[in-house]
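Summary of structural features
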Amino acid sequence: MEQVSGDTLAAARKVIAVHINYPSRAAQRGRTPAQPSYFLKPSSSLSLSGSTVERPAGCELLGYEGEIALVIGKAARRVGLEDAWSHVAAVTASNDLGVYDLRYADKGSNLRSKGGDGFTPVGPALIPADAVDPARLRIRTWHNGQLVQDDTTEELLFPFARLVADLSQLLTLEEGDIILTGTPAGASVARPGDVLEVEVSAGELTTGRLVTRVEEGTTPFADFGAGPKVDDAQREEAWGSREAAGLPAEVTAAVEPSLSPGLKAKLESVATATLSSQLRKRGLNNVSIDGLQATRPDRRVVGLARTLRYVPNREDLFKSHGGGFNAQKRAIDSVNEGEILVMEARGEKGTGTVGDILALRAQVRGAAAIITDGGVRDYAAVAGLDMPTYFANPHPAVLGRRHVPWDTDITIACGGATVQPGDIIVADSDGILVVPPAIAEELVEDCIRQEQEEAFIFEMVKQGNSVDGLYPMNAEWQARYEDWKAGRSND
């Protein structure tokens, strides 16, 4: 394959970077853009594999971001989605480097923070664009030999063809121009002496590893320009979390979780399959409580989580924690109207974790459901209740055989998913999902839009149309969908 050379860099009149494009990065940042947004990097920031990059003198936070770079092969101006990829000549690896110490001075342009010499290494090899599926590329980054980023382009917020078409609406993409297509979660901070490597691959095709070594700058900034300045907010952004930055956890005032009737109704109106799809687009792949069956599979439940944790039985601890008004009974007797009690039983099926009397008490208190990844005693009676119970299996044994009821309203694990008090639980015959309350409003609106689109697609397929170009919709079908939607709204 052709290698990235000085001629490649010289041909790039523009370097355009996308802010957020990977669901994992969007989840990390806590925001999911509806449309792509961009910034420019000077072509003088480009460098080849094996180059060094300075962390400018006085700066603390040199951030790295492994990315896939597109190299434009022929000029693109107002191109459509169907034709956009044909204007890309090749893909290669890149590293979108920048100093967070200067972000405050840029007022959104990123010029000083990301435009330094050597801040955009690319290479080492070019993979021909016509030899790959742009939705089947893999991007990996290593920091001092440790793999820190590993993702694919399968679930991008904005596919590559869309970036090319969108940019070409306002400006001409010229031969040699480079588009940086966003970074997945895992980007962090490098120090002098560190080695950064980025690789893009498509099956057996690979760019090889793009290697960049970090060195300390020695020339201080003059006082006639903005100098480096950082705070804990920038440290958290650069490192990816307060913990990674070595900062103490933030102490925030407790907020009483709530689920408005309007939000509850919307969540009840969309399928768990749709919710799962939208959660995945936000990088949330581990939010399903798996392996359980339901006493009322015909029911759909939505409610706020309350939690109960069982620990493995130890005779002395069961003696001190298993009797009287223990954690199990406290949890049952404090669950409120519309709440869902979720139990961590470690997937242990060799004993019951709730029986008929306590399940009835939860129903009388108005609980929407009980979920346990352990067993259920008195199965016939529990199954006869109006309130659904989700469980691993029936079992006649009492708690003390395998479990000690330990604590309530803490973060637990149930059926392979982490559940916190106040999380929104949505369950139906397809499965059980844990929805972070902070994203629930935005999530359900996207679900409603998705299901509306899928209703149109279903209707078109029913009329005999091929799924090619329809599922997912290309620009032509998108236009027909908008007409269809407008017609329905006028009915």
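Scoring rules and cut-offs
- Residues numbered from 1 in each chain as written.
- Predicted model: local features only at pLDDT ≥ 70, side-chain atom pairs only at ≥ 80, totals over all residues.
- Heavy atoms only, no water.
- Helix = DSSP H or I, 4+ residues; strand = E, 2+ residues; numbered from the N terminus.
- Buried < 20%, exposed > 50% of the residue type's maximum accessible area, 1.4 Å probe, protein only.
- Expected span 1.5 Å × (residues − 1).
- Arc of directions from axis to C-beta.
- Polar contact = N/O pair within 3.5 Å; in protein donor to acceptor, adjacent residues only side chain to side chain.
- Axes fitted to C-alpha atoms, helices over the stretch in contact; angles between N-to-C directions.
- Parallel < 35°, antiparallel > 145°, perpendicular 65-115°, else oblique.
- Contact = heavy atoms within 4.5 Å.
- Nonpolar A, V, L, I, M, F, W, Y, C, P; charged D, E, K, R; others polar.
- Pairing = 2+ DSSP bridges.

Another point: unusual backbone geometry. Between Gly123 and Pro124 the backbone carries a cis peptide bond, its omega angle lying at 0°. As for its placement among the helices and strands, Pro124 is situated in strand E9 (residues 120-128). Residue Pro472 follows Tyr471 across a cis peptide bond; omega there is 5°. Counting through the fold element by element, Pro472 comes out in the loop between helix H13 (440-462) and helix H14 (475-490). Even without being a glycine, Asn110 presents a positive backbone phi close to 65°. Residue position: Asn110 is located in the loop between strand E8 (98-99) and helix H4 (111-114). Take Asn110: its relative accessible area is 15%, and that puts it in the buried class. Phi angles above zero are rare outside glycine, and Asn144 is one such case at about 55°. Relative to the elements of secondary structure, Asn144 occurs in the loop between strand E10 (138-143) and strand E11 (146-152). What makes Asn144 partly exposed here is its relative accessible area of 45%.

With 23 residues, H13 ought to run about 33 Å at 1.5 Å a step, and its terminal C-alpha atoms sit 32 Å apart, in line with that. Turning to H13, its buried residues are Ala440, Leu443, Val444, Asp446, Cys447, Gln450, Phe456, Ile457 and Met460. Taken from the residues just after H13, Gly464 is the one with a positive phi, measuring 105°.

All of the buried residues along helix H10 (residues 327-334) are Ala327, Gln328, Ala331 and Ile332. The buried residues of H10 all sit within an arc of 135° when viewed along its axis, so they share a single face. With a side-chain oxygen positioned 3.1 Å from the backbone nitrogen of Gln328, the residue opening H10 is Asn326.

This part takes up the packing of H10 against helix H11 (residues 356-364). Two elements in contact, H10 and H11, have axes separated by 8 Å at closest approach and are oriented at 30°. With respect to H11, the element H10 is oriented roughly parallel. Each of Gln328, Lys329, Ile332 and Asp333 in H10 lies in contact with H11, whose residues at this interface are Leu358, Arg361 and Ala362. When grouped by side-chain class, the residues that make up the contact of H10 with H11 number three nonpolar, one polar and three charged.

Once that is clear, we can look at the sheet that holds E9. With respect to topology, seven strands assemble into an open sheet ordered E2-E1-E12-E6-E7-E9-E3, the strand pairing being mixed. What marks the edges here is a single partner per strand, and that holds for strand E2 (38-41) and strand E3 (46-47). With two bridges joining them, E3 and E9 adopt parallel strand pairing. Along E9, the bridge assignment pairs Ser47 with Pro121.

Everything listed here is a matter of coordinates, which is why it stays silent on function.
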